[in-house]
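Here's the letter readout for the chains.
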Amino acid sequence: GFVACELNLFICTHPDNLEAIDLTGVRTLENESFFGCVKLANLGDTTSIEYIGYAVFSMGNTDRYGSLTKFEFGSKINTIGTEAFNRQSLTEVVIDNQSTNLCIWEYAFSNCDILESVVLNVKDLTWDADGYQFAYCDVLKSVEFQKSSETTSIPQYFFDDCYKLEEVILSNNMATIGRNSFSNCRSLKGVDIPNSGTLIDVHAFEYTEALDFVNFG
């Protein structure tokens, strides 16, 4: 059931007590709305949310992990802020947005230690240049970008230290793969890069011992 919690502009003042809240119809989650809410697992219908600010569901710089195992992104999501889902228990991230540009900021999904798959069916993705959006996701195995997406780049350290990452499907318009974007992806065996003119920055595939091939075009 729902646990009572004081909310002020969706900022939780007793984070250890909150287990559930109904976000049906909510469009904006301001910075740190549910920061440190370690037991929060049930959010109701989240498909109306368009903007997720800084560290909304983050556990911060602690050794604790949040209880969110899923989050349903709606078709109008346009911003996922810095550290928004840091140290959460998501098992997959699926975003299907063909109507608006989506910006994902640095460390948005970092340290999600049981995240296994990411599917980004998004018309146009942009990133905060500081990177690390999916860094340190220890069991992440597969990532798929929409092939026809207008997304042109992967920022630096995007998948840094994703040790189990085996498969990546890039968009046809990918023009830049940032520095260290796949560094320490020790299980990555191969990458197909559809655009033969793609720029691969320094150390993009550093310490990828299992990498057998990179195919262009």
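Right above here is the structure, for reference.
Residues numbered from 1 in each chain as written. Predicted model: local features only at pLDDT ≥ 70, side-chain atom pairs only at ≥ 80, totals over all residues. Heavy atoms only, no water.

### A few points about the overall build of the protein chain
Thinking step 1. When you go through the protein chain residue by residue, the secondary structure sums to 0 helices and 12 strands.
Thinking step 2. Moving toward the C terminus, one meets the helices and strands of the protein chain in the order β-β-β-β-β-β-β-β-β-β-β-β.
Thinking step 3. In terms of overall dimensions, the protein chain is globule-like: its C-alpha atoms have a radius of gyration of 17 Å, near the 17 Å expected for 217 residues.
Thinking step 4. Projected onto its principal axes, the C-alpha coordinates of the protein chain cover approximately 55 × 35 × 25 Å.
Thinking step 5. Among the 217 residues that make up the protein chain, the fraction classed as buried is 47%.
Thinking step 6. Residue pairs in contact within the protein chain that sit at least 24 positions apart in sequence constitute 47% of those at least 6 positions apart. (Helix = DSSP H or I, 4+ residues; strand = E, 2+ residues; numbered from the N terminus. Rg over C-alpha atoms; globule rule 2.2 N^0.38 Å. Buried < 20%, exposed > 50% of the residue type's maximum accessible area, 1.4 Å probe, protein only. Contact = heavy atoms within 4.5 Å.)

### Some words on the pattern of salt bridges
Thinking step 1. Here the structure, examined in full by the defined rule, presents 1 salt bridge.
Thinking step 2. Notably, a salt bridge pairs Arg186 with Glu209, separated by 2.6 Å at the nearest N-O pair. Of this pair, Arg186 sits in the loop between strand S9 (176-177) and strand S10 (190-193) while Glu209 is found in the loop between strand S11 (199-200) and strand S12 (213-216), placing the two residues 23 residues apart along the sequence.
Thinking step 3. By relative accessible area, Glu209 is classed as exposed at 54%. (Salt bridge = Lys/Arg side-chain N within 4 Å of Asp/Glu carboxyl O.)

### Things to note about the environment of Glu72
Thinking step 1. Mapped onto the elements, Glu72 comes out in the loop between strand S2 (51-52) and strand S3 (79-80).
Thinking step 2. Separated by 21 residues in sequence, Glu72 and Val93 have C-alpha atoms that sit 8.3 Å apart.
Thinking step 3. Not counting residues within four places of it along the chain, the set of residues in contact with Glu72 comprises Thr46 and Thr47.

### Considering the sheet that holds S11
Thinking step 1. One open sheet holds the 3 strands; their spatial order is S7-S9-S11, and the pairing between them is parallel. Whereas interior strands pair on both sides, the edge strands pair on one side only; in this sheet they are strand S7 (153-154) and S11. (Pairing = 2+ DSSP bridges.)

### With respect to the environment of Leu140
Thinking step 1. Of note, Leu140 is situated in the loop between strand S5 (117-127) and strand S6 (142-145).
Thinking step 2. In this structure Leu140 comes out as buried when scored by relative accessible area, which is 0%.
Thinking step 3. In sequence terms Leu140 and Glu166 are 26 residues apart; their C-alpha atoms lie 8.3 Å from each other.
Thinking step 4. Excluding its chain neighbours within four sequence positions, the residues that come into contact with Leu140 are Leu115, Glu116, Ser117, Val118, Phe159, Cys162, Lys164 and Leu165.

### A word on the environment of Ile49
Thinking step 1. Mapped onto the elements of the fold, Ile49 is located in the loop between strand S1 (28-29) and S2.
Thinking step 2. Under the relative-accessibility criterion, Ile49 is labelled buried at 1%.
Thinking step 3. For the pair Ile49 and Ser142, spaced 93 residues apart in the sequence, the C-alpha separation amounts to 25 Å.
Thinking step 4. When residues no more than four places from it in sequence are discounted, the contact partners of Ile49 are Leu23, Val26, Arg27, Leu29, Phe71, Lys76 and Ile77.

### Overview of the layout of surface pockets
Thinking step 1. In this structure, the largest pocket spans a volume of roughly 280 Å³.
Thinking step 2. As for the largest pocket, its lining consists of 13 residues, and the residues nearest its centre are Thr46, Lys70, Phe71, Glu72 and Phe73.
Thinking step 3. The class makeup of the residues in the lining of the largest pocket is 6 nonpolar, 3 polar and 4 charged. (1 Å grid on protein atoms, 1.4 Å probe; cavity = no way out; pocket = protein on both sides within 12 Å on 5 of 7 lines; lining within 4 Å. Points joined across faces, edges and corners; volume = space filled by probe spheres on them. Nonpolar A, V, L, I, M, F, W, Y, C, P; charged D, E, K, R; others polar.)

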